[in-house]
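# Overview (structure and organization)
What follows is each chain in one-letter form.
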Amino acid sequence: MCQSETGFLKFLCWLLPFLLPLGLSAITLALGGVSLISIGRLLRKRGPFVDGLHSPDLALEMIGRTGSIAPIVHAAGHMPLLRNIALDSGVFIPLYVTSFTIATVLLIGMPFACGPFAFQPVAALALLLTLIGAVLDWSENSYLAGALRLNAQGDAAAQAQCQNMLGQGRTRAVIKFIILGGVAGLLAIHAWPTAATAGLPELARYVLGAAFGISALGMIACPRSPRYLEPAVAIAGFGIALLFTVHAWKILP
C-alpha cells in the first residue's frame, strides 16, 4: 500500500517502522537523565528523609517500625501517598515484572522450553525471583496503605498499630529490593560479551553490564544505605530501556 501513496501519507508509511525505536530511544534518554540527576543529588546533598532519601515514596518503604511517618506525610500529603501506592500496585509492578521478564529472555534465554528454544535454568531463576519480588511488593503496599490510614486516625492505639505495619512493610521492601537486585546482578553478568549479546554493539554490552551491576549493588545495599535506592532504581530502568532500544533498532529492515 505504501508504494502507491504519495506526499504526507508516503512519509508516514516510511516513518512507522521507526516509531518504536525512536520512542524507546526517547525513554532511554529520559531515564538516563533521571539516573544522572539521582546520582548528582546523592553526591551533592542528603535528602530530608531516612538516610538522606529525597523520595517520600521510597522513604515510606524504608522508615520501619521506629521511624516517624509524620515528616513524610507532611511533605508529600496523605492522599498523594495513597494514590502512589495504588499506582505502584496497579501499574508499576506489572510493568517491571514484564520488563525484567523480557530482559531475561533477551540476555539470558528462555525460562522454559518453547519450540526451538531450550530451557535455561538461570533464566527460570531470574523469572522466579522477579515474581517473588512482585508478590512481596504487593504485600508491602497493603501494609503501607494500612499504616497511612491508621496514621490519619490520630489516636494512640492506631499509631502503635501504624508503626507495626510500617515495620512489616519495611521488612518486605528490604527483601524485595535484595531479590530484585539479584535479578539485576544476573542480567549484569549476562550483559557482558556472551553468546546472547554477540549481536549487540560492544559499547552497548559494556554499558548494559555496568548499569545492571551498579543497580544491583544499590538495591542489595538498601538495608544499611537506603539512599542508594533512588539512583539504583533509575539506573535499572535506564538499563532495561537501553536493552529494548538496541534490539528495536536491530529489527529494522
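Throughout what follows, the structure given in this document is the object of discussion. Small disclaimer: the values here were computed from a predicted structure and weren't measured.

## What about the nonpolar core?
Grouped burial of nonpolar side chains is what soluble globular proteins tend to show. Ile-69, Leu-148 and Leu-166 are the most contacted members of the largest nonpolar core, which has 60 residues in total. Those elements giving two or more residues to this core turn out to be helix H2 (56–62), helix H3 (70–76), helix H4 (78–107), helix H5 (121–153), helix H6 (156–191), helix H7 (202–220) and helix H8 (229–250). Considering every element that reaches this core, the biggest residue donor is H6, with 13 residues. The residues touching Leu-166, leaving out its near neighbours within four places in the chain, are Leu-60, Ile-63, Gly-64, Arg-65, Ile-69, Leu-144 and Ala-147.

## A few points about H5
Spacing of three or four residues puts side chains on the same side of an α-helix, whose turn is 3.6 residues. Its 33 residues give H5 an end-to-end C-alpha distance of 49 Å, which sits within 8% of 48 Å, the value for a rise of 1.5 Å per residue. Remark: Gly-154 follows H5 within two positions and exhibits a positive phi of approximately 85 degrees.

## Looking at the packing of H7 against H8
Orientation of H7 relative to H8, taken along the N-to-C sense of each, is 155 degrees, at an axis distance of 8 Å. The orientation of H7 with respect to H8, classified from their angle, is roughly antiparallel. Judged by the twist between their axes, the crossing of H7 over H8 is left-handed. Along its contact with H7, which presents Ala-204, Val-207, Leu-208, Ala-211, Phe-212, Ile-214, Ser-215, Gly-218 and Met-219, the element H8 presents Leu-229, Ala-232, Val-233, Ile-235, Ala-236, Phe-238, Gly-239, Ile-240, Leu-242, Leu-243 and Val-246.

## A word on the packing of H4 against H5
Remark: H4 packs on H5, axes separated minimally by 10 Å, with the N-to-C direction vectors making an angle of 180 degrees. In this view, H4 runs roughly antiparallel relative to H5, as classed from their interaxial angle. For the contact of H4 with H5, the residue count by class is 18 nonpolar, seven polar and three charged.

## Re the pattern of salt bridges
This structure, assessed with the given rule, holds six salt bridges. Across the pair Lys-176 and Asp-137 runs a salt bridge whose closest N-O atoms are separated by 3.4 Å. Taken together, the residues Lys-176 in helix H6 and Asp-137 in helix H5 connect sequence positions 39 residues apart. A relative accessible area of 3% places Lys-176 in the buried class. Residue classification places Asp-137 among the buried positions, given a relative accessible area of 2%. Here Glu-140 ties to Lys-176 by a salt bridge, and the two come within 3.0 Å at their closest N and O atoms. Here Lys-176 lies in helix H6 and Glu-140 lies in helix H5, a separation of 36 residues in the sequence. Through salt bridges with shared partners, a single ionic network connects Glu-61, Asp-137, Glu-140 and Lys-176.

Conventions used here
In every chain, residue numbers begin from 1 and rise along the written sequence. Totals for whole chains, interfaces and linings use every residue, but because this is a predicted model, local features are given only for residues with pLDDT of at least 70 and side-chain atom pairs only at 80 or more, for both listing and counting. Working from all heavy atoms in the structure, the side-chain values ignore hydrogens and water. Residues belong to a common nonpolar core when they are buried Ala, Val, Leu, Ile, Met, Phe, Trp, Tyr or Cys residues joined through side-chain atoms within 4.5 Å. Exposure is judged per residue with a 1.4 Å probe applied to protein chains only, and the accessible area is read against the type maximum: over 50% gives exposed, under 20% gives buried, and values in between give partly exposed. A run of H or I in DSSP becomes a helix once it reaches four residues, and a run of E becomes a strand once it reaches two; helices and strands are each numbered from the N terminus. For this analysis, residues touch if any pair of their heavy atoms sits within 4.5 Å. Given a helix with a known number of residues, its expected span is that number minus one, times 1.5 Å. To get an axis, fit a line to the C-alpha atoms, keeping to the stretch in contact for a helix; angles then go from 0 to 180 degrees between the N-to-C directions. Should an angle fall under 35 degrees it is called roughly parallel, over 145 degrees roughly antiparallel, and 65 to 115 degrees roughly perpendicular, with every other angle called oblique. What makes a crossing left-handed is the near helix being turned counterclockwise from the far one by less than a right angle; a clockwise turn instead makes it right-handed. Gly is placed with the polar residues, together with every amino acid not listed as nonpolar (Ala, Val, Leu, Ile, Met, Phe, Trp, Tyr, Cys and Pro) or charged (Asp, Glu, Lys and Arg). We count a salt bridge whenever a side-chain nitrogen from Lys or Arg sits within 4 Å of a carboxyl oxygen from Asp or Glu.

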